[in-house]
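Tertiary structure, described
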Amino acid sequence: MILTIDDLRKRARRRLPRILFDWVEGGAEDEVGVERARRSFEAHRLVPRYGLDMSGRRLGTTLLGREYSLPFGISPTGYTGLLRPGGEHHLLRVADRSNIPYVLSGVSVAPLEQIAAASPGRAWFQLYPARDVRISRDIARRARDAGFPTLVLTADMPVEAKRERDIRNGFTLPLRYTPSLLWDGVSHPAWTLAYLRNGGLPPLGSWAQYAEPGASASQIATFQFAQKYPTQTWADIDAYRAMWPGKLVIKGLLHPKDAQRALDCGADGIVISNHGARQLDRALTPLEALPAIRAQIGGKLALMLDGGIRRGADIAIALALGADFVFAGRAILYGVIAAGEAGANLAVDILSDELSRVMAQLGANTIADLGSDSLAVAAPVSR
Ligand SMILES: Cc1cc2nc3c(=O)[nH]c(=O)nc-3n(C[C@H](O)[C@H](O)[C@H](O)COP(=O)(O)O)c2cc1C
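What comes next is a walk through the structure.

Thresholds applied
Residues numbered from 1 in each chain as written. Predicted model: local features only at pLDDT ≥ 70, side-chain atom pairs only at ≥ 80, totals over all residues. Buried ≥ 20, exposed ≤ 12 C-beta atoms within 10 Å, placed from the backbone. Helix = DSSP H or I, 4+ residues; strand = E, 2+ residues; numbered from the N terminus. Arc of directions from axis to C-beta. Contact = placed C-beta atoms within 7 Å. Near = placed C-beta within 6 Å. Nonpolar A, V, L, I, M, F, W, Y, C, P; charged D, E, K, R; others polar. Axes fitted to C-alpha atoms, helices over the stretch in contact; angles between N-to-C directions. Parallel < 35°, antiparallel > 145°, perpendicular 65-115°, else oblique. Left-handed = near helix turned anticlockwise from the far one by under 90°. Right-handed = clockwise from strand over helix to strand, strands pointing away. Pairing = 2+ DSSP bridges.

So, about helix α1 (residues 5-15). Listing the buried residues of α1 in full gives I5, L8, R9, A12 and R15. With its buried residues spanning 125° around the axis, α1 presents them on a single face. Its buried side turned inward, α1 meets α2 (18-25), α10 (189-197) and α16 (330-362).

This is the structure in structure tokens:
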């Protein structure tokens, strides 16, 4: 029986070869950040209110000038189409069905133009900087021409993180076909058969044109890897602001001064995030960072948050602490890995059902009703 995100996680673990599941699940170094993200939600206590008519609850909200039916969306995750063939298309359809935003990763298997055309205006586009700045500028130009309404610039990858699980497992993209990987594949036949049926490693759709003509999927992956971790400064972000006519979001900020800098450079929103604790293990959690950032720039741009969302109550807590919107990464990824579109739909339904029940207990008929009043330790936040 699947009742919770953790149930979906267990299904995902059963389906994926361990080397890939570890990559999804893992964090950097000691992985204390992954655990701490969960604990920072659990540290908060909600205060229920009763005797109110809660029959007309609405979970919709406005973000960056658009109405969404739920106060959460789908975080960008690279190589989703490797974890589940067609993964990016599955997530796009899930976002369409639930009327929520889906952030397409800059390292997707599906080409960005395909996703933009499949559901105009639905997906946002996330961009990693490239060492050859002409490539990242060109990708941004293509995203603009394809009609993505929002560009998300990820700021929190100045260097390759020390992800020790991946190093010990020998995980690289392209995958290295070692005896242990082959055994891993044989032990997870459903994933392996789908992988082989789809021709093995899928190419990074948006990157193919920058590699050598006729490059294989492995060569494209190697090319893209060599373009990672350039120096990216605020001057580069200013340049994207100047060329991007739509909404601009900076993802991966935790310091109030960086949030202020994003505001100064004309960003429309930020995602308070520590990349799912995959970059700086000892970083404070996004939820811990939220109050100070809210105090610095709250109300001046859209404040979004991701990291550690596994329950509807987590969403209520983030919103009550002053986030305008949240995103879920692994929670929905587990669903798509476990059962494709149906699994990701189920993940969204689990989170929204739990959130709706929590709101009924809090006397919150709308998202705007969630504020510091709902928290036992009053936060300096009012909505
Ligand atoms: C497997 C995986 C791949 C990811 N790929 C990207 C990516 O391509 N771009 C990006 O900005 N963030 C990426 N992230 C980070 C997520 O967007 C998000 O910040 C993080 O997953 C939030 O934490 P959560 O998984 O606990 O919800 C990735 C995360 C995971 C787990």
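To continue, consider the environment of Y68. Counting through the fold element by element, Y68 comes out in strand β2 (residues 66-68). On a C-alpha basis, the gap between Y68 and P202 in space is 32 Å, while along the polypeptide they are 134 residues apart. Among residues more than four places away in sequence, those in contact with Y68 are G60, T61, L63, N99, I100 and P101.

The subject of this paragraph is the site of the ligand. If you check the shell around the ligand, you find 21 residues, and the closest are G78, S105, G276, G329 and R330. Within the shell around the ligand, the residues separate by chemical class into six nonpolar, 12 polar and three charged.

The subject of this paragraph is the packing of helix α13 (residues 256-264) against helix α14 (residues 286-297). Direction vectors running N to C along α13 and α14 enclose 40°, while the axes themselves pass 9 Å from each other. Compared by their axis directions, α13 and α14 come out oblique. Seen along the crossing, α13 lies across α14 with a hand that is right-handed. Judged by residue contacts, P256, A259, Q260 and L263 of α13 engage A292, I293, Q296 and I297 from α14.

Residues G269 and V271 point to one face of strand β8 (residues 269-272) and I270 and I272 to the other, with burial holding for every one of them. In this fold, the crossover linking strand β7 (residues 247-253) to β8 by way of α13 has right-handed handedness. Of the strand pairs in this sheet, β8 and strand β9 (residues 302-306) are connected by four bridges, and their pairing is parallel. Following the sheet pairing, I272 is matched in β9 by L305. Once the chain exits β8 it traverses α14 before rejoining the sheet at β9, and the crossover so formed is right-handed.

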